[in-house]
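Examination of the molecular architecture
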Amino acid sequence: MDLAFFSVQLLNGLQYGLLLFLIASGLTLIFGIMGIINLAHGAMYMIGAYLVYDLTMRLGNFWLAIVVAIPIAIALGLIIERLFLDTLYKRDHLYQVLLTFGMILVLNEVQRIIWGGNVHSVSVPAPFDSSIQLTSNLRYSVYRLFVMGVCLALAGVIYWIIRHTRLGIIIRAGAVNRDMVEGLGINVRTLFTLIFSAGVALTAFAGMIAAPLTSITPGMGDSILITCFVVVVIGGIGSIKGAFWGAIIIGMATTFGSVLIPSLASMVIYLIMAAVLLVKPRGLFA
Amino acid sequence: MLHRYPKRVAIIMLVLTALVATFPLWGEAAFGNQANFMLEKLTFMLILALFAMSLDLLVGVLGLVSLGHALFFGLGAYTLALASPDFSPASMWWMLPLVMGISACVGLLIGVLVIRTKGIFFIMTTLAFGQMLYYFVSTSRFAGGTDGVFIMFRPSLAIGESTLLDLDNPYSFFYFCLGMLLIGYLFLRWLTRSYFGQVLDGIHDNEHRMQALGYATGGYKLIAFVISGVMAAIAGMLAAMQYGFANPAQLGWHTSGEVLMMLILGGMGTIFGPILGAFAYEILLYLYEHATTHWPILMGLTIIVAVLVLPRGIAGLIIAPPWQRKRIMNAEAHETENAPATASAQPVTQSKED
């Protein structure tokens, strides 16, 4: 493996990892603050991708499609939280697992009814549909660099909100002791709705910006969900920092795994997870 | 856990068992030329009931929610498929111990890792290990990749040269599966009422207290995990025998989700509930599939509604019918007042109605 090839893989791994972080951060926030395990999280990613595909077709502009799709995703999160999850906060994880599993079936089938079972794609949008010369023998897609930048910026924003704002203090306190936060007069109900909608929006947004990079298929939500579970387990449930480093580790492992040991590539991330569990059963950053 | 259920539970279960066991007598009259198809469906329901029941030991009795139980189901199926000779039937006398042995080893290996985790971590890690085997099998050449493996001959059950039970005959295979389910049921009933089962029950209620009492809870949980896995593997082997192939879908997490659904639909923690749940789930699935091509929507909505309005499943309805519920609920509210908030998902066995 020469240096140029290595660098490309490194960039790909980083880009995939950062994208995973967007999805996993939503998953880990929703669990850490609300105590809800959301299996339908992957379906939201899929819906984000399909929404942007559909809206790009209708509106003729990828950026416009994203602007329209984000409020739709937030609204979807709001509806689900208010209608279904509201009754589940006091119940065991088992019921949350089953309810969100039922939701996956419904959402996957709704997707099939609206958009069918075919594979779709979105072309890389206008200002970024080229590649640039990084070194003398290395070209890299500008859109991938753009995605990396957006993900990093969002990671920075999330970090800033959690560390340096009043909302962040409430979120951190809520992750430690929900009842105490409620006792101090914070409206936990509103906080939950906010967190869930934000989590769904993050995932759906990840699906939107990933749409030009991947093929849009009916099962895309399921596989990304399981990968994000691994990310969250490695990083420690509820920890944003853990989600970030877990996502980078998994992104790198997936990319280099499929190049170096193709026969075991699909298992590499699970082996990493098993190793982490052996050493730190609660994850690296919990 | 000396849970005594009202008499009607035993009566209903006995009547249903008799009804199922006599199907070959009345099946022809009820379904006409569809009878053979229905017998096949019924056999598969018995197998799924065994599968769902095995999960009850983990979820209902021990309180550990596994979302990777299909791993063992598929493992049983693949063990049978890969160990069967190509041109002659395998003998049940070594196939069954082989399936049990392999699943016990895998159960130990995975169990050692996952038993260290609790609650949501247990859910996620069991899911991840299930998917690990899924991807391993569906990308490996020796296991036929995504196509799976075909089984040319069903194993035979013979002593010397004389056949004990001809498993190729759909009727005898049906009774074979019914027998396995009954053995599994009696075993789990005995296990949950034994000293070992009482310790598991104690761990479910308060693991720290059990540790303080001097129990090595990890060992108990590990053994329960292995037993549950072995039973699921036997169910998987029977499923592979019935349809003649092992397929990666049997390992996937959708199968794990479905079996959890059967458990909750039937009523967890009761051992007999999951049997009802497996039947109910398969019957609903059959009806939905015939009603519309978009049946997953109906199934998904059924799951959502069942979780919201029927958290204790069919068994809960039988043990505590709605018209008697008020009294029971009062007794329970009194009981759970001092209990920690995590006790919200107690199995139906908690209802005091002796």
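As recorded by an unreviewed UniProt entry, chain A carries the name Branched-chain amino acid ABC transporter permease and is attributed to Vreelandella nigrificans. The UniProt entry for chain A carries the following comment under Subcellular location (unreviewed entry): "Cell inner membrane".

**Focus on the overall build of chain B**
Scanning chain B for helices and strands turns up 15 helices and 4 strands. For 354 residues, the compact-globule estimate of 2.2 N^0.38 gives 20 Å, and chain B sits close to it at 20 Å. The principal-axis extents of the C-alpha atoms in chain B amount to approximately 65 × 50 × 45 Å. Residues classed as buried in chain B amount to 45% of the 354 residues present. Pairs at least 24 apart in sequence give 76% of the contacts found in chain B among residues at least 6 apart.

**Quick word on the overall build of chain A**
Helices and strands together make up the secondary structure of chain A, namely 11 helices and 2 strands. Secondary structure of chain A in N-to-C order comes out as α-α-α-α-β-β-α-α-α-α-α-α-α. Taken over C-alpha atoms, the radius of gyration comes to 19 Å for chain A, in line with the 19 Å a tight globule of 286 residues would show. Along the longest, intermediate and shortest principal axes, the C-alpha atoms of chain A span 60 × 50 × 35 Å.

**With respect to the UniProt feature "transmembrane region" (unreviewed entry) in chain A**
Residues and elements named next belong to chain A. Within this structure's numbering, the places UniProt gives as "transmembrane region" (unreviewed entry) are residues 16–40, 61–81, 142–162, 190–211, 223–253 and 259–279. Secondary structure across residues 16–40 divides into 76% helix and 0% strand, with the first and last C-alpha atoms of the span separated by 21 Å. In residues 190–211, helix accounts for 95% and strand for 0%; the two terminal C-alpha atoms are 31 Å from one another.

**Looking at the interface of chain B and chain A**
Interface size is commonly expressed as the accessible surface area that is lost when the partners come together. Opposite the 37 residues of chain B that make contact, chain A presents 35 residues. Among the secondary structure elements, those contributing two or more residues to the side of chain B that touches chain A are α6 (119–139), α11 (253–266) and α13 (295–309) of chain B. Looking at the side of chain B that touches chain A, the element that brings in the most residues is α6 of chain B, giving 14 residues. Taken together, the residues that form the side of chain B that touches chain A break down as 27 nonpolar, 9 polar and 1 charged.

**Section: the packing of helix α3 (residues 35–62) of chain B against helix α12 (residues 273–291) of chain B**
Working note: a packed helix pair is described by the angle between its axes plus the distance between those axes. All names here are of chain B. Across the interface, α3 lies against α12 with an axial gap of 8 Å and an inter-helix angle of 135 degrees. Considering their axes alone, α3 and α12 lie oblique with respect to each other. Helix-helix and strand crossings are classified by hand; for α3 and α12 the assignment is right-handed. In this structure, α3 contributes Lys41, Met45, Leu48, Ala49, Ala52, Met53 and Asp56 to the contact, and α12 contributes Pro274, Ile275, Gly277, Ala278, Phe279, Glu282 and Tyr286. Across the contact of α3 with α12, the residue classes break down as 10 nonpolar, 1 polar and 3 charged.

**Thoughts on the nonpolar core**
Membership of the largest hydrophobic core comes to 193 residues, with the highest contact counts inside it found for Ala49, Leu98 and Val230 of chain A together with Ala49, Leu50 and Ala128 of chain B. Aside from chain neighbours lying at most four places away, what touches Ala49 of chain A is Gly207, Met208, Ala210, Ala211, Ile216 and Met220 of chain A.

**Let's talk about the environment of Leu182 of chain B**
Residues and elements named next belong to chain B. Take Leu182: it is sitting in helix α7 (residues 170–193). Classification of Leu182 by C-beta neighbours within 10 Å gives partly exposed; the count is 14. Expressed as a C-alpha distance, the spacing of Leu182 and Leu55, which sit 127 residues apart in the sequence, is 16 Å.

**Side note on the environment of Met180 of chain B**
Residues and elements named next belong to chain B. Checked against the element boundaries, Met180 lands in helix α7. In this structure Met180 comes out as buried when scored by C-beta crowding, with 20 C-beta atoms within 10 Å. Measuring from C-alpha to C-alpha, the distance between Met180 and Leu50 comes to 7.9 Å, with 130 residues separating the pair along the chain. With sequence-adjacent residues up to four places away left out, Met180 is seen in contact with Leu50, Ile234 and Leu238.

**Comments concerning helix α1 (residues 7–21) of chain B**
With 15 residues, α1 of chain B should reach 21 Å at 1.5 Å per residue; the first-to-last C-alpha distance of 21 Å fits that figure. Burial within α1 of chain B is sparse, with just 0 of its 15 residues counted as buried.

**A look at the packing of helix α9 (residues 220–235) of chain A against helix α11 (residues 265–279) of chain A**
Residue and element names in this part refer to chain A. Between α9 and α11, the least distance of the axes is 10 Å, while the angle of their chain directions is 25 degrees. Overall, the two elements α9 and α11 adopt an arrangement that is roughly parallel. Between α9 and α11 lies a crossing of left-handed hand. Here α9 contributes Thr227, Val230, Val233 and Ile234 to the contact with α11, which in turn contributes Ile269, Tyr270, Ile272, Met273 and Val276. Partitioned by chemical class, the residues of the contact of α9 with α11 number 8 nonpolar, 1 polar and no charged.

**Some details on unusual backbone geometry**
Backbone geometry places Ile271 of chain B, a non-glycine residue, at a positive phi of 65 degrees. On the secondary structure map, Ile271 of chain B appears in the loop between α11 and α12.

**Focus: the confidence of the model for chain B**
Low-pLDDT portions of the prediction should not be read for the details of their coordinates. Residue and element names in this part refer to chain B. Here chain B averages 84 in pLDDT, while 90% of its residues score no lower than 70. For chain B, helix α15 (residues 322–336) is the element with the lowest average pLDDT, namely 58, and helix α10 (residues 217–243) is the one with the highest, namely 94. Confidence over residues 336–354 falls short of pLDDT 50; this stretch has 34 contacts with residues more than four positions distant or in other chains. The complex model carries a pTM of 0.85, and its ipTM stands at 0.80.

Cut-off values and rules
Residues numbered from 1 in each chain as written. Chains lettered and ligands numbered in written order. Predicted model: local features only at pLDDT ≥ 70, side-chain atom pairs only at ≥ 80, totals over all residues. UniProt positions renumbered as here; feature names shortened; annotations may be inferred. Helix = DSSP H or I, 4+ residues; strand = E, 2+ residues; numbered from the N terminus. Rg over C-alpha atoms; globule rule 2.2 N^0.38 Å. Buried ≥ 20, exposed ≤ 12 C-beta atoms within 10 Å, placed from the backbone. Contact = placed C-beta atoms within 7 Å. Nonpolar A, V, L, I, M, F, W, Y, C, P; charged D, E, K, R; others polar. Axes fitted to C-alpha atoms, helices over the stretch in contact; angles between N-to-C directions. Parallel < 35°, antiparallel > 145°, perpendicular 65-115°, else oblique. Left-handed = near helix turned anticlockwise from the far one by under 90°. Core = buried A, V, L, I, M, F, W, Y, C linked by C-beta atoms within 7 Å. Expected span 1.5 Å × (residues − 1). pLDDT = per-residue confidence, 0-100.

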